Amino acid sequence: MLRAVVYSLLLITGSTVLSIADPGISQWNTAATYHHGFLIAHHPKMVHLQTGKVNAFEIETGKMTNGSSPWHHYYNFPSVGITASYWDLSNSEVLGNIISIAPYLDMRLNKDARIGIYFKGACGIGLISEKFDADENYKNNAVSTSVNVNLMIHPSVQFKLSERMFVRTGPSLTHFSN
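The following refers to the structure shown. Every value quoted in this text rests on a predicted model; they were computed, and no experiment measured them.

1. Examining the overall build of the protein
Helix and strand counts for the protein stand at one helix and eight strands. When the helices and strands of the protein are listed from N to C terminus, the series reads β-β-β-α-β-β-β-β-β. Each of the 178 residues in the protein was classed as buried or not, and the buried ones make up 40%. Sequence-distant contacts, at least 24 apart, represent 57% of the contacts inside the protein between residues at least 6 apart. For the protein, the accessible area works out to roughly 10,000 Å², and carbon and sulfur atoms hold 65% of it.

2. Points about the pairing of strand S4 (residues 79–88)
Of the pairings in the sheet, the one linking strand S3 (residues 54–64) to S4 comprises ten bridges and is antiparallel in character. Of the residues in S4, the one forming a bridge with Met64 is Ser79. Of the strand pairs in this sheet, S4 and strand S5 (residues 97–108) are connected by ten bridges, and their pairing is antiparallel. Looking across to S5, one finds that Ala84 is bridged to Ile101.

3. A closer look at a nonpolar patch on the surface
A cluster of nonpolar residues, Tyr34, Phe57, Ile82, Tyr86, Ile99, Ile101, Ile125, Leu127 and Val147, forms a patch on the protein surface that exposes about 830 Å² of accessible area. Elements with a minimum of two residues in the nonpolar patch: S4, S5 and strand S6 (115–128). The residue Leu127 is located in strand S6 in this model.

4. Comments concerning unusual backbone geometry
Even without a glycine there, the phi angle at Asn76 is positive, about 65°. Among the structural elements, Asn76 can be located in the loop between helix H1 (70–74) and S4. One non-glycine residue, Phe77, adopts positive backbone phi at about 55°. You can see Phe77 is positioned in the loop between H1 and S4.

5. Digging into the packing of aromatic side chains
Counted according to the given criterion, the structure contains three aromatic pairs. On the numbers, 5.3 Å between centres and 45° between planes, the contact of Tyr34 with Phe57 is tilted. Of this pair, Tyr34 sits in strand S2 (residues 28–40) while Phe57 sits in strand S3, and the two are 23 residues apart along the sequence. By relative accessible area, Tyr34 is classed as partly exposed at 35%. Arranged with centres 4.8 Å apart and planes meeting at 90°, the rings of Tyr74 and Tyr75 form a pair that is edge-to-face. The positively charged end of Lys120 is found above the aromatic ring belonging to Tyr104, 4.7 Å away from the centroid.

6. Here's the deal with the side chain of Thr65
Here Thr65 shows up in the loop between S3 and H1. Ignoring any residue separated from it by four or fewer positions in sequence, one finds Thr65 in contact with Trp71, His72, Phe77 and Pro78.

7. A closer look at the pattern of salt bridges
If charged atoms from side chains of opposite charge come close, those side chains can pair. One pass over the structure, following the stated rule, counts three salt bridges. When the shortest N-O distance is used, the salt bridge between Glu60 and Lys120 registers 2.3 Å. Here the residue Glu60 occupies a position in strand S3, and Lys120 occupies one in strand S6, the gap between them amounting to 60 residues. Members of the salt-bridge network, linked through shared partners, are Glu58, Glu60 and Lys120.

8. Focus on the pairing of S5
Sheet analysis places S5 next to S6, joined by nine bridges and oriented antiparallel. Note on S6: the bridge partner recorded for Leu105 is Gly121. Hairpin connection of S5 to S6: six residues between the antiparallel strands.

Quick notes on the rules
- Residues numbered from 1 in each chain as written.
- Predicted model: local features only at pLDDT ≥ 70, side-chain atom pairs only at ≥ 80, totals over all residues.
- Heavy atoms only, no water.
- Helix = DSSP H or I, 4+ residues; strand = E, 2+ residues; numbered from the N terminus.
- Buried < 20%, exposed > 50% of the residue type's maximum accessible area, 1.4 Å probe, protein only.
- Contact = heavy atoms within 4.5 Å.
- Areas by Shrake-Rupley, 256 points an atom, 1.4 Å probe, with all protein chains shown as cover.
- Pairing = 2+ DSSP bridges.
- Patch = residues over 30% accessible without salt bridge, like charges linked within 9 Å, V, L, I, M, F, W, Y side chains within 5 Å.
- Salt bridge = Lys/Arg side-chain N within 4 Å of Asp/Glu carboxyl O.
- Phe/Tyr/Trp six-rings, centres within 6.5 Å; stacked < 30°, edge-to-face > 60°.
- Lys NZ or Arg CZ within 6 Å of the ring centre and 35° of its normal.

As structure tokens, then:
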């Protein structure tokens, strides 16, 4: 009898974001992000899952808060939005690939006009294409269900390129858990 053990995938990536913001009143923004990193085997029985580098592409859209609530001021007018991403775990036969979607909160931690320090957090859902199967996929001891919780933290530094264009870079930690 198979004992149910819940494992999860931890990914550490570096990312670069190109963002274009509407300078008008709406303060909507759109960004595309590329992540490149690695899978962390947080248990010795999971080391065999690390076969190469992880690559991901992320698209997000969000809106800067407008100050209508006290917490907008307290957190320096953060952006709220939604992000969708595709993850290539470089072990597609065993781990598969992931599509995820998550709402996010992106907080600016300083007030410098040209260089911003940010912290972004998201919690959503990830759909993983391969899961454990005793007959077909017995090597996948990390994923027991196709639907997983997706948690992401992303501290970053943003550089202003023009009135409407920014580039942002920093490390990212993404966690998928069943």
